[in-house]
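Descriptive structure summary
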Amino acid sequence: MKSKLILFCSAAVTLLGGCAKNYLDINTNPNSPTNVASGLVLSNALNRTAASTTGSSSFYQFASAWIGYWNYSGAVAAFAEERSYQFTTNYGPANSIWNNLYDNLEDYDYLEKQGNTTKDAFYTAVAKTMKAYDFHNLVDVFGNIPYNDALKATASIRPKYDKDQAVYEDLAKKLDTAATLFKGLVGKVSSADGAYDIMYKGDAQKWGKFANTLKLRILLRQSQMPGRDAYIKGEIAKITANGLGFIGVGEGGSVNPGYTNSTGKQNPFYSSFGYTPAGKSSPTDNHRYYIASEYAINFYQNNNDPRLGYLYTTINDGAGTTYSGSRFGPTAQSPQDNPQNRSAIGTGLLKGADMAQPLLTDFESLFLQAEAAQRGYITGSVQSLYESAVQQSFTYLGAGSASEYLNMPSAVTNWGQAADKLTLIMTQKWAAMNGINDMESWADFRRLNIPADIPVSDNPAATTRIIPIRMLYPQSEYNYNPDNVLAQGQISQFTSRIFWDIN
Amino acid sequence: MNLFLHDRIDLNKIMKVTLSQLAIALAITGASYANTSKAQSVALERHINLSAKNTALKSVLKKVAAMADVKFVYSKDVINADQLVSVDANDITLKDALNNLLNQHNIKYEVINNAIVLDNKPSTGSDITITVTGTVKSSTGETLPGVAVAVKGTTTGVSTDANGKYSIKVPDNNSVLVFTFIGFTRLEVPVNGKTNLDVVLRDDVRQVNEVVVTALGIKRSSRELGYATQQVNGKDLTAGRPTNLATGLSGKVAGLQIIQTNNQIDAGDQVRVVLRGNRSFSGNNQALLVLDGVVAPLTYLNSINPNDVESVNILKGANAAALYGSEASNGVMIVTTKHGKKDVNEVTYTNTTSLNQLAYFPKMQTQFGGGSGQDIYGFPQYTPFENQNFGDRFDGSIRPIGRPLPDGTIQMVPYSNQSGEKEKFFNTGVDEQNDLSYTTGNDNGSTYFNIQRLNSKGYVPGDKSNRTAIRLNGTRNYNKFKLDYTFDYTQRNIDKSNAQLYNNVINTPAEIPLSQYSDVNSLYGNLNNYFNDYGLNPYYYLQQVRNTERKDDLLGSLTLGYDVAPWLNLTAKGGINTSTRNGKDITQAINYSDFATASGKAIANPQSRQAGEDDYSLFKSRMEGSFLATFKKKIGDFNANLILGTQVIQESTRVLQVGTSFLVVPDFYNIGSRAGDASVTENNTKYRREGAFGDLTVGYKNYLFLHASGRNDWDSRLSKENRSFFYPSVDLSWVFTDALPFLKDNKILNYGKLRGGIAKVSAVQFDPYQLQATFSVGSGFPYGNTAGYSVGNTVYAPNLKPEQTVSKEIGLELGFLNNRISLETAAYWETTSDQEILKGINISNATGFTNAIINTGSGQNHGFEVSLKGTPIVNQDNGFNWNISVNYSYNQNKAISLYQGLPNLSIQNDNYIVVGQPYPVLMGSGFQTDGQGHTVVDATSGYPKLSQTNLLFGQTTPKNILGVSTSLSYHHFTLAGTAEYRGGSVIYNGAGSTMDFSGISYGSATNGRERFVYPNSVIETSPGVYVPNTNVTTNSGGIDYWAGSTTRYGVMQNYVTSAAFIKIRELSLGYEVPVEYLRGIRFIKRASFALVGRNLFMFRPKSNPYSDPEFNNTTDNAQGSTGLNQTPPTRIYGFTASFTL
């Protein structure tokens, strides 16, 4: 009996194998790494910026129609919010922009801290620049946003909101610091770090120009604010001081990690608005949902603009011979507004699944410089900046030489014939930004009301016939950060202006 | 000394030995025992525990011999050692036990030299005048062997044989026979001169000393228990002839909520089981299923054959947690399957065939046909290829549908409502289940074997599945060792459509003769020619996206018990449970003809869609081992029972998935034959737990019991510092009817027990690896050789703790009229703090993260339960019996706090935890009100104005649950039924949204598609000033309103309704073939038949015309949200036949 007892007890002891010290030390994650090289985070962060901004459908879903580029197919019953300007805090694109950009910002915040820790200024400088890029987009959509309190995880679980203008001013400082860092890094970024940089391959010079151009965009946004000139000029002086200049011809910032025509690997804009990997016979839903707007088609056609055939297909996704756009507004599905009868997004924008995704193009930089020069903020020939900008837009789309276009006897294209040079620059900027970054055009329109004749929706549910001037804060903020978002007051998409929008 | 071992000596050889002769013989040999003689009387005072039912006397004696260390001596001539006896001795003296056991069988005994010598009692002396014979049966018609039959006032007694027959000699015509049998109410029948007395014994409603199976399979007398249990015996379970355990239990236990969230072919995996509502915000609130001592997934409830089940015991509170560990914090369902019976060799074959028929379809409009356009005056226009129903009013004219075919023809149909076309899409499903079981047993052990095969044809056309299950249970006795094993293997094969069919079917205009398109190769049914510009022919859709899956589940346990001494038992136990899923999802390629694409048919553009497939493989295993030492001791009036144990558990999972959306060879679904990159994922988890526990019960005079337990766990999922944690419980049970002299032998109140307890449970619900932040592979990466990682979106805390629940409960149990009526009530209060937010608490995205995995917040849950059972009618003469049981529970909870003042937490599917509210609650988009219940409308458009922020609609778990089950039996017929009511919660009906959008909903035609004044509306004339709206009509009453996302279909408020329902869950009529009819058929012992109907009726509030409110998108805590992934509800009609050989 004793031996049996011993048998039992030893069984019990064996069961309690925990006596072995490490028996419970098995909580090491086998699925996701807890540490990776900063460069791997950089590659993804840049790709996410592309996919969350200019490559994201959110940057086009409402702006493209409101600003007169695209409309919604008559064969689809969706887009009621966009057609009517009526939306709630649950509105998808606004939620996506908020969520994706803050998510992306966290990656840059990590890189900035890593850069500081490892004394690798390249990561710090890129992170500062890209944080400015994201925050600046957030301000343009939402106005006051969490900034100083943001990105602090549970240390600040309900981040306070900062004034939009204060955020802008701090971004300008950030970009100064970044540009200065880049200046010191020219020629010094290691090839290893450069390999992770899927935008400029570690070219600190170009990064410096990118930071300067972004700062110029931020400053010009404030051009209509009374008494703001001194500030803008002072800030531009700092850009001039670092001497790196702005993005010039062929120096646009575009991201390409190696996009390829395979599911999940396509260029994000292409995968959203283009074709599935199966090719032309298999367009994406969005390619069929978004059709040309009558207003834009008329603009390019009336000015004999060679870009028409690159920005848009002929009707029936290129199967037809004519171009046609639709009026903005109707809700009831109208067969005449089907993709069969209307133009779709063109091949100049959908170059291919492997195309790089531009974040800030050379022609946008040139338009910004032209406007700055026109306003006397920077020196240089406004005309040549303007003409170079239009040419680079042609070049981007593959539309060849713009000289015939620029020399037409037209006040809409020809520098010499235009009475109001600013309107000329901004109208052509609108024509160039089509499908490149529709949010910029929306911002320019809010700032300057150019083009002035963009049609307002005639949708029956559009009871307030004003193109909205902002988005509402996402519902998640009302859920999880209510006191701070409620402190921003009652938000209206028609009246609660961003600080730089004084019209 | 071998002489005294009755099984080793053939006493037949000592013919006619009288008791006195034996005594002399013993006295002679007794010399050698002289030194132990003083133990003789002690032996009779020894306390024993013995429970046997219908067991041969000799084996009972053998057990007693082993237990009390005594020997029995008797002659096989004098004593029928093979007669079946029953005894239920729970910690009583050997003397009392022997008196109970032997007296009723007319046996007397005497202790001689440590041997107990048996003999027949002398006859009563009076002349035996009458012999009465008869058969004893249960109310369900089963014959009952082993029933004690005695003549009242005498010591004459016999017991029934294996066929329930008895023969007894009674002194005279006025004699009264007394029938007693465990589990049945004692019955007295006057002989009145009859020589044949067949009687029916009534089930004892609730035995005072009912033995219930508690944690770890420990059998306890119900009077000892200080916590809430409710036992459902096999008989109650199968009264309604359910095909699975989940349906058999619904409505039968107070506080138990079983939710079948879907009724697809593999719906068995979509079951949610909750006891006493929700405690945890986001963690598991579901009961623990313990099948034959092994923790098993709840989906087993749907595969266990109810006929296999001996009993289901529900431990409602957390007091069993010490023995099972923290998984038991939500209550435990202990399912014990049948074991072989000693000396019973039986083969039972059961066939159950049931038909599954579409029961409820949402109410739809019948006035308007296909269309979505309007003419310039705003009148609706007919569109032949539309799937929305916003055309003009039906006029019966002959109109074209679809687009013209290449040869110019077009299908013409009358423009009128085609009723029943959508319903016809669904088939009648057929389930055919065959069960064969074999049971055998002898002194050395028992075996129970069951093989089951279920073939199912789904009510969605083309869906099919099968299930093959093998169960082997057995026991083996080797002296003081007892080996107990269970083995269960189930294989299921499922082949089903993955299509969102319901959506597709509903999105078909009212004039479409849908059933004409069942042939997908027909002229108008084929891909290119199907009328619908926006949707596939649903008959084609069925085959276009499909899933096949094989599931293998294995469950086994091995228990080795060793009785070291009468006061000490050691048990070692091992269990394993594995489940494997291997499946493939396929999507067929679609290629439209050039003509179809060129015609402008919307769905034909894109002209081609690639085929895709997804392969997945999942393996899950759980292994546990435990060791128990059980001590029993009686000191004076005190009786103690102590269990000490240790336990080790390991759980691991492995998931592999590969998929592609670009297959290149037509109809060839292999990941290798693709273009582009495949998607590939791998996920592994493993964790371990160890526990050490103690559980002590001290009883005083068999009426006052104190039970206390404590357990310490060590869990690998927590950091070293937090890994070890302890939780105790204590409860008290007081049988006041035994304790208070003035209540003893009360004719009305025969049983009364008051109990109360408090328990704390600490539970780790987190998945492994939740202590440290990780990087995730960036979306889209790798691009070729370029890799990218993202900082994860979740904040982790290294110091996570277990979630703690403290639960207090009190209860009262009463038995009236010899337990003909029994009442059990309980009230409980639970507080759960340090809530483990499994998917992480939602935090503002501006923090850079979306979730934080932390312990935070607390919630309170309270409620009460009433369970009333009774037998209102027992009529011996006409064989009419009526049993009824009513189970009611009320449960309410409230979220007390969250994290750092956060007001709410999303748990998906629009369910939220909101501080100060019950949890979870439903929140979503809605309209502005003036604060007095009027909807604010726009002064120009007449449309309601959206509230910019979400509205709170109410809780999604029922407050009140009432179950009633009843059975009526008349001779060999039994009519049984169960009804259930659940109420006090709301649900979002996704179907309503789709139906409004497509214009098929009944509501969308109620105003004739005319403009209307929005009901009960006001207009805001200046901020905060509202005037009633009497004349501003909506801009549209047609498509713009009903298919408007901001006015109707996209606004959640429009589709939130009460989730209340009353269901007749089951109704059955059973017939047990009388034994006499079977006499001719030698090989059949018993036969029974039953007709069964399930979910025959469902009553809902008028506001919910959509679907079964029990259906849900998930089985997790976020109940209260349905979509169109759930197919419509069905009724089930079945037939079952059972034969025992």
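Because the structure is predicted, anything quoted here is derived from the model rather than measured.

**Section: the packing of aromatic side chains**
- Summed over the entire model, instances satisfying the criterion amount to 79 aromatic pairs over all chains.
- Aromatic side chains Tyr72 of chain A and Phe79 of chain A sit 4.4 Å apart centroid to centroid with 15 degrees between the ring planes, which places their arrangement in the stacked category. Accessibility classification places Tyr72 of chain A together with Phe79 of chain A in one group, the buried group.
- Ring geometry for Phe182 of chain A against Trp207 of chain A: centres 5.7 Å apart, planes inclined by 15 degrees, an arrangement best described as stacked. Residue Phe182 of chain A is located in helix α7 (residues 164–185), and its partner Trp207 of chain A is located in helix α9 (residues 204–220); the two are separated by 25 residues in the primary sequence. Pair check on accessibility: Phe182 of chain A and Trp207 of chain A agree, each one buried.
- A cation over a ring is seen here: Lys265 of chain A above Tyr783 of chain B, with NZ or CZ 5.9 Å from the ring centre.
- Stacked on the ring of Tyr415 of chain B, the Lys or Arg Arg399 of chain B has its end atom at 3.8 Å from the ring centre.

**Brief notes about the pattern of salt bridges**
Residue and element names in this part refer to chain B.
- Evaluation of the coordinates by the stated rule reveals 71 salt bridges over all chains.
- Between Arg399 and Asp395 there is a salt bridge, and its shortest N-O distance comes to 3.0 Å.
- What makes Arg399 buried here is its relative accessible area of 12%.
- Of the charged contacts, one joins Glu813 and Arg755 as a salt bridge, the two residues approaching to 3.6 Å between their closest N and O atoms. Separated by 58 residues along the polypeptide, Glu813 in strand β44 (residues 803–816) and Arg755 in strand β40 (residues 749–763) bring together distant segments of the chain.
- The structure contains a network of salt bridges with shared partners spanning Arg276, Lys316, Lys753, Arg755, Glu809, Glu813 and Glu865.

**A closer look at the packing of helix α2 (residues 38–52) of chain A against helix α6 (residues 121–142) of chain A**
All names here are of chain A.
- Taken N-terminus to C-terminus, the directions of α2 and α6 make an angle of 20 degrees; their axes are 12 Å apart at the nearest point. As judged from the angle between their axes, α2 and α6 are roughly parallel. Crossing of α2 against α6: the hand is left-handed. Facing Ser38, Gly39, Leu42, Leu46 and Thr49 of α2, the residues of α6 in contact are Phe122, Tyr123, Val126, Met130, Tyr133 and Asp134.
- Class assignment for the residues of the contact of α2 with α6 results in 7 nonpolar, 3 polar and 1 charged.

**Quick look at the sheet that holds strand β47 (residues 851–853) of chain B**
Residues and elements named next belong to chain B.
- Sheet architecture is open: 3 strands sit in the order β43-β47-β46, paired in mixed fashion. Strands with a single pairing partner mark the edges of an open sheet, and in this sheet they are β43 (794–796) and β46 (841–842).
- Where β46 and β47 come together, 2 bridges link them in antiparallel fashion. Along β47, the bridge assignment pairs Asn842 with Asn851.

Definitions and limits used
Residues numbered from 1 in each chain as written. Chains lettered and ligands numbered in written order. Predicted model: local features only at pLDDT ≥ 70, side-chain atom pairs only at ≥ 80, totals over all residues. Heavy atoms only, no water. Phe/Tyr/Trp six-rings, centres within 6.5 Å; stacked < 30°, edge-to-face > 60°. Buried < 20%, exposed > 50% of the residue type's maximum accessible area, 1.4 Å probe, protein only. Helix = DSSP H or I, 4+ residues; strand = E, 2+ residues; numbered from the N terminus. Lys NZ or Arg CZ within 6 Å of the ring centre and 35° of its normal. Salt bridge = Lys/Arg side-chain N within 4 Å of Asp/Glu carboxyl O. Axes fitted to C-alpha atoms, helices over the stretch in contact; angles between N-to-C directions. Parallel < 35°, antiparallel > 145°, perpendicular 65-115°, else oblique. Left-handed = near helix turned anticlockwise from the far one by under 90°. Contact = heavy atoms within 4.5 Å. Nonpolar A, V, L, I, M, F, W, Y, C, P; charged D, E, K, R; others polar. Pairing = 2+ DSSP bridges.

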